[in-house]
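Residue strings, one per chain:
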Amino acid sequence: MINTLLLSLLHDIFAFLKEHRNFFQKDEKGRRELISGKNLFPEIFEQYLGKISETEFLYDIQNYKTFEKNKFLETFSRYLVTDFAALLDKVTHANSTVPKTYGLFGTMLLETLEENSYQEITEEVSRFLEKTKKSPSTIVQTARNISSTFREEIRKKLLGMNPMIFPIFQVNRNLIGGMRIFSNGKTLDESWFSRINTITTINIP
């Protein structure tokens, strides 16, 4: 699932570079002019292409299974914990949220969101990030389902502590209110909770 997204994105990047063979000969401003406004990829990948050298790009692609010092995989991982996470939280509106200008990547993105359960997707993303970025497996349990806005707020707080955290949200109806957060199978201690401040004091109605 995640590898399919990664490879479809590479397909679209190669298609773009085939059309613009002198892309890496241009400076950052020239590259941005070629990409800007077309909305062919998520913004984070436009930034990657605007700054990466041809040598670095070739290294990243030739070693796309090598996680050490790979800027493409770094960018892809950051995409998963930010833009993709936000899209996943609003999965019921995915068809209107994924830009029509995306190529094969957009098709695979919609297919991933529509044909897999939330649990399947989050578990695979979590495993991918554990493997590539040593991200701690993090579970957030609440008494009831929470809004996408509230999930986004929690994600931001957790990302402020570890930029590669991808929390898995679960409903535990045995909780009276508030939430519990587990990291690598252990309940976070009070010092951790104090760092998330207001979030942990909010009761779920």
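Residues numbered from 1 in each chain as written. Predicted model: local features only at pLDDT ≥ 70, side-chain atom pairs only at ≥ 80, totals over all residues. Heavy atoms only, no water.

Undergrad: In this structure, what is going on with the pairing of strand β3 (residues 179-183)? I would like to understand it.
TA: A regular strand places its side chains so that they alternate between the two faces of the sheet. Burial analysis of β3 places four of its five residues in the buried class, the great majority of the element. As judged from the two bridges shared by β3 and strand β4 (residues 186-187), these two strands associate in the antiparallel manner. Within β4, the residue paired with Phe182 across the bridge is Thr187. (Buried < 20%, exposed > 50% of the residue type's maximum accessible area, 1.4 Å probe, protein only. Helix = DSSP H or I, 4+ residues; strand = E, 2+ residues; numbered from the N terminus. Pairing = 2+ DSSP bridges.)

Undergrad: When you look at helix α9 (residues 148-159) in this model, what are you seeing that I'm missing?
TA: Because an α-helix packs 3.6 residues into every turn, residues spaced three or four apart end up facing the same way. Relative to the 16 Å expected for twelve residues at 1.5 Å per residue, α9 spans 16 Å between its end C-alpha atoms, a close match to the ideal helical length. Buried within α9 we find Phe150, Arg151, Ile154, Arg155 and Leu158. Along the axis of α9, the buried positions cluster into a sector of 140°, meaning they face one direction only. Residues of α9 that are exposed and angled more than 90 degrees away from the buried face: Thr149 and Lys156. (Expected span 1.5 Å × (residues − 1). Arc of directions from axis to C-beta.)

Undergrad: What is the right way to read the sheet that holds strand β2 (residues 168-171) from this model?
TA: Strand order in the open sheet formed by four strands is β2-β1-β3-β4, and the pairing between neighbours is mixed. What marks the edges here is a single partner per strand, and that holds for β2 and β4.

Undergrad: Explain the side chain of Gln141 to me, please; I cannot follow it from the model alone.
TA: In this structure, Gln141 sits in strand β1 (residues 138-142). Residue class for Gln141 comes out buried when judged on its relative accessible area of 12%. A distance of 3.3 Å separates a polar atom in the side chain of Gln141 from a polar atom in the side chain of Gln170. (Polar contact = N/O pair within 3.5 Å; in protein donor to acceptor, adjacent residues only side chain to side chain.)

Undergrad: Looking at this model, I keep getting lost on helix α8 (residues 118-133). Mind explaining?
TA: The end-to-end C-alpha separation of α8 is 22 Å, in line with the 22 Å expected for 16 residues at 1.5 Å each. Buried within α8 are the following residues: Ile121, Thr122, Val125, Ser126, Phe128, Leu129 and Thr132. Buried residues of α8, seen end-on, are gathered within an arc of 165° and therefore sit on one face of the element. Where α8 is buried, its residues touch α1 (2-19), α5 (71-89), α7 (104-115) and β2. In the stretch just after α8, Lys134 is the one whose phi turns positive, near 55°. (Contact = heavy atoms within 4.5 Å.)

Undergrad: Can you help me understand the packing of α5 against α8 in this one?
TA: The angle between the axes and the distance between the axes are what describe a pair of packed helices. Here α5 crosses α8 at 160°, and the two axes come no closer than 11 Å. When the axes of α5 and α8 are compared, the pair comes out roughly antiparallel. Considering only the axes of α5 and α8, their crossing is left-handed. Facing α5, whose interface residues are Leu73, Glu74, Phe76, Ser77, Leu80, Val81, Phe84, Leu88 and Asp89, α8 presents Tyr118, Ile121, Thr122, Val125, Phe128, Leu129, Thr132 and Lys133. Here the residues of the contact of α5 with α8 are counted per class, giving eleven nonpolar, three polar and three charged. (Axes fitted to C-alpha atoms, helices over the stretch in contact; angles between N-to-C directions. Parallel < 35°, antiparallel > 145°, perpendicular 65-115°, else oblique. Left-handed = near helix turned anticlockwise from the far one by under 90°. Nonpolar A, V, L, I, M, F, W, Y, C, P; charged D, E, K, R; others polar.)

Undergrad: In this structure, what is going on with the packing of aromatic side chains? I would like to understand it.
TA: In this description, a pair of aromatic rings is defined by centroid distance and the angle of the planes. Evaluation of the coordinates by the stated rule reveals 14 aromatic pairs. Geometrically, the ring pair formed by Phe45 and Tyr79 is tilted, given 5.6 Å between the ring centres and 50° between the ring planes. In this pair, Phe45 is assigned in helix α3 (residues 43-51) and Tyr79 in helix α5, connecting sequence segments 34 residues apart. Considered together, Phe45 and Tyr79 belong to a single accessibility category, that of buried residues. (Phe/Tyr/Trp six-rings, centres within 6.5 Å; stacked < 30°, edge-to-face > 60°.)

Undergrad: I tried to follow the nonpolar core on my own but got confused; where do I start?
TA: Soluble globular proteins tend to pack their nonpolar side chains together in the buried interior. Of all hydrophobic cores here, the largest spans 43 residues; its most connected members are Phe57, Phe72, Phe76, Leu80, Phe84 and Leu109. The element that contributes the greatest number of residues to this core is α5, accounting for ten residues. When neighbours within four sequence positions are excluded, Phe57 is seen to be in contact with Ile13, Phe14, Leu17, Phe24, Tyr48, Leu49 and Ile52. Core analysis: the next-biggest nonpolar cluster, separate from the first, contains nine residues, Val140, Ile165, Phe169 and Met179 among them. (Core = buried A, V, L, I, M, F, W, Y, C linked by side-chain atoms within 4.5 Å.)

Any link to function would need more than the numbers given here.
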